[in-house]
Structure formats: structure tokens, C-alpha cells
Amino acid sequence: MKPLRLVMEAFGPFAETQVIDFRELRDHSFFLIHEADGAGKSSILEAICFALFGTGSGGGYIGPGLRSHHAPPSALTKVSFDFSLGGDSFRVERVPEQETLAIEGTGSTRVGARGTLWKRTGQADDADDGTPLATTWKQVTEEIQVRLGLNHEQ
């Protein structure tokens, strides 16, 4: 598997949308994630693990705990990860269960966890997601495990 692009929205320490474009590495197969303590390095790896398997690297589902405490109440926590495997490209998107501001009126509303996996037809930054392969949390996890040949514990 080769990472192509990671988009984190209201995730972990990141209140605003963060985009990491791994394509900038070109043909380099080795890279370093380096920054000061507390800058969010581990959160990048957590986001990838969460996108692929629906869990944190420790194993258990950590839905509400993924949400940035710094994000505005109206922001939706979401992770989108584009990667290539063999000659194919994929996009996986996960939205953990969370509370957000109600669209109408006052108060908040619960957003249920959801996940989608697409086989990509375009580039990683195209709006077209491609062909859906799985559209439920469980289906996405199962499809990813089959394609990668491993699970979150491995």
C-alpha cells in the first residue's frame, strides 16, 4: 500500500482541515514525520489507522475521542485517506459518531458513525470519488482487511 493523500477535519489536535499530500514524495519510499512534542505526529498515524480499520492504533473504537477539542461545534470530524494498492487507487472516508450543532434551531444532534470505500477513477484530489465498494462501517473494514491482507492488530 502506498499513501497518496490524507485529509483530517476537526480530528485530534487539528481544529481546521489538514491535508497531507504524500504524492509530493514522488518516488521516495522512506520519509520522516518530524516535529516538536505535541504537534500531532501520532495523530497522523492514528488518522490513517482510523480511516483504514475504524479503530485507533490501540484497537478499540475511539469515536467521540477523535474529535478536536479546538474545533468549532459546527465542524464535522472526518478523515479521508487516498492510497494505491497494486495498480488500483482507493479512497476511504470515515466519520466517527459525534455531537454537532443542530442544523435547525438550537442544541446539538448526534451524527452516527459512517464509512465509505471507493475504487478511484481519477486523481487523489479529484471531486469524483469513483465507484463505491463498501458503504457501511463494517463493510469498509472487511473490504480493507481483505485487500490489505491484514487487520488493525497486525
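Residues numbered from 1 in each chain as written. Predicted model: local features only at pLDDT ≥ 70, side-chain atom pairs only at ≥ 80, totals over all residues. Heavy atoms only, no water.

### Things to note about the sheet that holds strand β4 (residues 88-95)
Sheet strands associate in pairs through backbone hydrogen bonding, adopting either a parallel or an antiparallel arrangement.
Next up, step 1: The strand order β2-β1-β3-β4-β7-β8 describes an open sheet built from 6 strands, whose pairing is antiparallel. The outermost strands of the open sheet, each flanked by one partner alone, are β2 (18-21) and β8 (131-134). Direction aside, neighbouring strands of the sheet carry axes that sit 20 degrees apart on average.
Next up, step 2: Examined bridge by bridge, strand β3 (residues 78-85) and β4 share 7 bridges and lie antiparallel to one another. Among the inter-strand pairings, Phe81 is bridged to a residue of β4, identified as Val92.
Next up, step 3: Here helix α1 (residues 41-53) sits on the sheet in contact with β1 (2-9), β2, β3 and β4, set at roughly 75 degrees to β3.
Next up, step 4: Across the sheet, helix α2 (residues 137-148) is in contact with β3, β4, β7 (114-119) and β8; its angle to β7 comes to roughly 40 degrees. (Pairing = 2+ DSSP bridges. Helix = DSSP H or I, 4+ residues; strand = E, 2+ residues; numbered from the N terminus. Axes fitted to C-alpha atoms, helices over the stretch in contact; angles between N-to-C directions. Contact = heavy atoms within 4.5 Å.)

### Re the pattern of salt bridges
Next up, step 1: On inspection of all chains with the given rule, the structure shows 8 salt bridges.
Next up, step 2: The salt bridge involving Arg110 is made with Glu97; its shortest N-O contact spans 3.1 Å. Residue Arg110 is found in strand β6 (residues 108-111), and its partner Glu97 is found in the loop between β4 and β5 (98-101); the two are separated by 13 residues along the sequence.
Next up, step 3: The partly exposed category is assigned to Arg110, whose relative accessible area is 46%. (Salt bridge = Lys/Arg side-chain N within 4 Å of Asp/Glu carboxyl O. Buried < 20%, exposed > 50% of the residue type's maximum accessible area, 1.4 Å probe, protein only.)

### Considering the pairing of β5
Next up, step 1: As paired elements, β5 and β6 share 4 bridges and run antiparallel to each other. Bridged to Thr100 within β6 is Thr109.
Next up, step 2: Between the antiparallel neighbours β5 and β6 lie 6 residues, among them Gly105 with a positive phi of about 80 degrees.

### Thoughts on the nonpolar core
Next up, step 1: Core analysis: the biggest nonpolar cluster contains 25 residues, and Leu6, Leu52, Phe81, Val92 and Ile144 have the highest contact counts within it.
Next up, step 2: Considering every element that reaches this core, the biggest residue donor is α1, with 8 residues.
Next up, step 3: Beyond its immediate chain neighbours, meaning those up to four positions away, Leu52 contacts Met1, Phe81, Phe83, Val92, Arg94, Thr141, Ile144 and Leu148. (Core = buried A, V, L, I, M, F, W, Y, C linked by side-chain atoms within 4.5 Å.)

### As for the packing of aromatic side chains
Next up, step 1: Taken as a whole, this structure holds 4 aromatic pairs when the rule is applied.
Next up, step 2: Both rings, one in Phe11 and one in Phe50, keep their centres 6.3 Å apart while their planes meet at 35 degrees; by these two values the pair is tilted. Residue Phe11 is found in the loop between β1 and β2, and its partner Phe50 is found in helix α1; the two are separated by 39 residues along the sequence. In this pair, the class of Phe11 matches that of Phe50, namely buried.
Next up, step 3: On the numbers, 5.5 Å between centres and 25 degrees between planes, the contact of Phe83 with Phe90 is stacked.
Next up, step 4: Put simply, the rings of Phe11, Phe50 and Trp137 touch in pairs and so form one group of aromatic residues.
Next up, step 5: Over the ring of Trp137 we find Arg94, and its NZ or CZ is 4.6 Å from the ring centre. (Phe/Tyr/Trp six-rings, centres within 6.5 Å; stacked < 30°, edge-to-face > 60°. Lys NZ or Arg CZ within 6 Å of the ring centre and 35° of its normal.)

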